[in-house]
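Residue strings, one per chain:
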Amino acid sequence: MFLTKIPFWARIFIGLILGIGIGVYLHPDSKQISESTLSILLPWLKFPGDIFLNLLQMIMVPLVIASVALGVSSLSNMNELYKLGTKVFVYFVFTTMVAISIGVSLAILINPGSKIQTSEIAVTQNPSSLTRESEPAAKIISEIIPKNIINAMSEQQMLSLVLLGIFLGIFFLSAKNDSSEPLRKFVQSLESFCIWMVGIAMKMAPFAVFGLMAFALTQIGVSLLAGLFYYIFTVLLGLVLVLIFYMVLVKLLGKKNPFVFLKQIREVQILGFSTSSSSSVLPISLKIAKEELKIQPKIADFVLPLGATVNMDGTALYQAVATIFLSQIYNIDFTFFQLILLVFTVTGASIGTAATPGVGIVILASILYSFQIPVEGIAILFGVDRFLDMCRTSVNLSGDLTASVIMNHLWKENK
Ligand code: ASP
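Residue numbering note: each chain is counted from 1, following its sequence as written. This being a predicted model, a pLDDT of at least 70 is required before a residue's local features are given, and a value of 80 or more before pairs of side-chain atoms are given or counted; all residues contribute to the totals for chains, interfaces and linings. Hydrogen atoms and water are omitted, and side-chain values are computed over all heavy atoms in the structure.

Some remarks on the packing of helix 16 (residues 313-329) against helix 17 (residues 336-352)
Relative orientation of the contacting elements helix 16 and helix 17 amounts to 135°, with a least axis distance of 9 Å. Taken together, the axes of helix 16 and helix 17 lie oblique to each other. For the pair helix 16 and helix 17, the crossing hand works out as right-handed. Mapping the contact onto sequence places Ala316, Gln319, Ala320, Thr323 and Ile324 in helix 16 and Leu339, Leu342, Val346, Ala349 and Ser350 in helix 17. Residues are grouped as follows: Ala, Val, Leu, Ile, Met, Phe, Trp, Tyr, Cys and Pro are nonpolar; Asp, Glu, Lys and Arg are charged; all remaining types, including Gly, are polar. Split into classes, the residues belonging to the contact of helix 16 with helix 17 amount to seven nonpolar, three polar and no charged. To obtain an axis, a line is fitted to C-alpha atoms, over the contacting stretch when the element is a helix, and the angle between two such axes runs from 0 to 180 degrees between their N-to-C directions. Only DSSP runs of H or I covering at least 4 residues are called helices, and only runs of E covering at least 2 are called strands; the numbering of each starts at the N terminus. In this scheme, roughly parallel covers angles under 35 degrees and roughly antiparallel covers those over 145, while 65 to 115 is roughly perpendicular and the rest are oblique. By convention, the crossing between two helices is left-handed when the near helix turns anticlockwise from the far helix through less than a right angle, and right-handed when the turn is clockwise. Throughout, a contact is declared for two residues whenever any of their heavy atoms are within 4.5 Å.

Below is the structure:
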């Protein structure tokens, strides 16, 4: 067929462009069709995207558990797991802190909060629905161990699933005998099934991207974009700088040509942009990491599921910019010590942000709360959050793939 002659990434890109075009055309502001026709049309526009996302989410839980378990079990011993685990953790915290520092510096330099008046901006969300009580850190940490595996699965609690996978992998590693073998074989076969399903879902990707983009564009408050121009500009510039930082890391620590890297991961970036969900795109990142980037399966299987939930540099940068932006609007000055505290708080918060659409702004509420910035301020940001979510998710996914390239290289070097 004619379509199959077009390279896959180009088909996704065409879906993206057509989706943006249709979304802009159908946007309520452009008054092309009535609101009632639009409300009938919207679910159908989203339809291919919903099917695509559901297919990926259907296999997300078994895939995360299986890939982490197999990744861990293919290390040669516990010492290797400890070495890889520490390296990955230190790397994740380091890049997150760099992203936050970029965000804080840009927000102070550009000072987007001084360029607008609160009265100019429409409030689009009742902030009380976003405020959440902050829980003690000890409780949050202990709850990573799921009391009930079925709950953890049904609520897609990624960190708990990764932990379950690590335990299973350690079991395979330490009890290589008749009792563990059948379970390991089952997990292996489960992983193959999930990867096979990813292949099926991928065929729909161009249509999904088209539908999701068209839908998203009809939801974005275009008139709000202008009012918040400097804020959006600060976040976008920060995200671009984080991407450049990744390219430098890929070159220096991963010993790989960063432009080739960008080319190999473009499908993941576009899918992250159109779905706003790192966890939904995770199955595709795993496929691209192993097949295109040629990352050793044990590294990809360990780093990517963990990264999808722990390593969110795009979200961290956005949370830092948004906090400083709102503090400027409310004339709250940060001392140097508070800025340092902000770096640590946002690092923790971005680790706790679930890899699904729109969660970054909810967690932002608890950051504002701890710095006594009026949480109502979030209402100002809400209208443009969908767009920024798309951009930061794309960067979050790029960060996980960058981490896997670097860990892959460092691991080979250590051998
Ligand atoms: N949507 C983001 C992700 O899935 C999380 C967020 O910042 O809201 O990576």
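Topic: the UniProt feature "transmembrane region" (unreviewed entry) in the protein chain
Mapped onto this numbering, the UniProt entry gives "transmembrane region" (unreviewed entry) at residues 6-26, 51-76, 88-110, 158-175, 195-216, 228-250, 334-355 and 361-384. In the segment residues 6-26, helix accounts for 90% and strand for 0%; the C-alpha atoms at its two ends are 27 Å apart. The annotated region residues 195-216 carries 95% helix and 0% strand content, and the separation between its end C-alpha atoms amounts to 28 Å. UniProt positions are given in the numbering used here, feature names are shortened, and annotations may be inferred rather than shown by experiment.

A word on helix 3 (residues 35-73)
Given 3.6 residues per helical turn, the α-helix brings residues three or four places apart onto the same face. In this scheme, a helix's expected span is set at 1.5 Å multiplied by one less than its residue total. Between its first and last C-alpha atoms helix 3 spans 55 Å; for 39 residues at 1.5 Å apiece the expected length is 57 Å, and the two agree. What we call the bend at a residue is the angle made by axes fitted to the seven residues finishing there and the seven residues starting there. By the largest-angle criterion, Phe47 marks the main kink of helix 3, which is about 45°, and a proline, Pro48, follows within four residues.

Points about the site of the ligand
The nearness test applies per residue and asks whether one of its heavy atoms lies within 4 Å of the molecule or strand. Around the ligand, the surrounding shell holds 15 residues, and the nearest of these are Ser278, Thr315, Gly360, Asp389 and Arg392. We call two N or O atoms a polar contact when they sit within 3.5 Å, provided that within protein one can donate a hydrogen and the other can accept it, with sequence-adjacent residues counted only if both atoms are side-chain atoms. Here Asp389 contributes a side-chain N or O atom positioned 2.7 Å from a nitrogen atom of the ligand. Note that accessible areas follow from Shrake-Rupley with a 1.4 Å probe, and for residues the cover is restricted to the protein chains shown. Isolated, the ligand exposes 270 Å² of accessible area, and the fraction of that covered by the protein chains is 100%. Only helix 18 (359-370) and helix 20 (385-414) provide two or more residues apiece to the shell around the ligand. If one sorts the elements of the shell around the ligand by residue count, helix 20 sits on top with four residues. Within the shell around the ligand, the residues separate by chemical class into four nonpolar, nine polar and two charged.

Considering the environment of Ser30
Mapped onto the elements, Ser30 comes out in the loop between helix 2 (8-26) and helix 3. Taking the C-alpha atoms as reference points, Ser30 and Lys115, separated by 85 residues in sequence, lie 27 Å from one another. Aside from chain neighbours lying at most four places away, what touches Ser30 is Val24 and Tyr25.

Points about a nonpolar patch on the surface
A patch consists of residues exposed above 30% relative accessible area that lack any salt bridge, with like charges linked at up to 9 Å and nonpolar side chains (Val, Leu, Ile, Met, Phe, Trp, Tyr) linked at up to 5 Å. Take a side-chain nitrogen of Lys or Arg and a carboxyl oxygen of Asp or Glu: if they are within 4 Å of each other, that pair is a salt bridge. A cluster of nonpolar side chains, namely Val240, Leu241, Ile244, Val248, Leu252 and Leu253, defines an oily patch on the protein surface of about 480 Å² accessible area. Of note, Leu253 is situated in the loop between helix 11 (229-252) and helix 12 (258-264).

Description of the nonpolar core
Here, nonpolar core refers to any group of buried Ala, Val, Leu, Ile, Met, Phe, Trp, Tyr and Cys residues whose side-chain atoms link them within 4.5 Å. Here the term buried applies to any residue with accessible area under 20% of the maximum for its type, exposed to any over 50%, and partly exposed to those in between, with areas from a 1.4 Å probe on protein chains only. Within the largest apolar cluster, 116 residues are counted, with the highest numbers of intra-cluster contacts made by Phe52, Tyr231, Ile284, Phe302 and Leu364. Not counting chain neighbours up to four residues away, the residues in contact with Ile284 comprise Phe52, Leu56, Val198, Met202, Val268 and Leu271. Formed by six residues, the second largest nonpolar core is a distinct cluster that contains Leu26, Leu38, Leu45 and Ala214.

Some remarks on empty space enclosed by the protein
Within this scheme a cavity is a closed region of a 1 Å grid, computed over the protein atoms alone, that accommodates a 1.4 Å probe without allowing it to escape, whereas a pocket is open but has protein on both sides within 12 Å along at least five of seven lines; lining residues each have an atom within 4 Å of a point. Grid points are joined across faces, edges and corners, and a volume is the space filled by probe spheres set on the points. Tallied over the full model, the rule gives two cavities of 30 Å³ or more. The volume enclosed by the largest cavity comes to roughly 80 Å³. As for the largest cavity, its lining consists of 16 residues, of which Thr315, Ala354, Thr356, Asp389 and Asn396 are closest to the centre. Looking at the lining of the largest cavity, the elements that each hand over two or more residues are helix 18 and helix 20. It is helix 20 that contributes the most residues to the lining of the largest cavity, four residues altogether. Of the residues in the lining of the largest cavity, the class split is four nonpolar, ten polar and two charged. Quantified by volume, the second largest cavity comes out at close to 40 Å³. In this structure, the second largest cavity is lined by Phe89, Phe92, Val93, Thr96, Val310, Thr347 and Ile351.

Describing the side chain of Glu267
Assignment of secondary structure puts Glu267 in helix 13 (residues 266-275). In this tally, Asp and Glu contribute negative charge and Lys and Arg positive charge; neither His nor the terminal groups of the chain are included. Of the buried charged residues, Glu267 lacks a salt bridge, with Arg266 as the closest side chain of opposite charge at 5.2 Å. The contacts of Glu267, once residues within four sequence positions are left out, are Phe8, Trp9, Ile12 and Ile288.

Some details on the side chain of Asn311
Structurally, Asn311 is set in the loop between helix 15 (297-310) and helix 16. On the accessibility criterion, Asn311 (1% relative accessible area) is buried. Reaching out from Asn311, the side chain makes a polar contact with the side chain of Asp400 at a distance of 3.2 Å. The residues touching Asn311, leaving out its near neighbours within four places in the chain, are Phe92, Thr95, Thr96, Leu306, Asn396, Gly399 and Asp400.

Observations concerning the pattern of salt bridges
For the structure on display, the rule yields eight salt bridges. Where Asp385 meets Arg392, a salt bridge forms, and the shortest distance between an N and an O atom there is 3.2 Å. Both residues of the pair, Asp385 and Arg392, count as buried. With its nearest N and O atoms 3.5 Å apart, the salt bridge here joins Asp389 to Arg392. With Asp389 and Arg392 both in helix 20, this residue pair falls three residues apart, about one helical turn. The class of Arg392 is buried, set by a relative accessible area of 1%.

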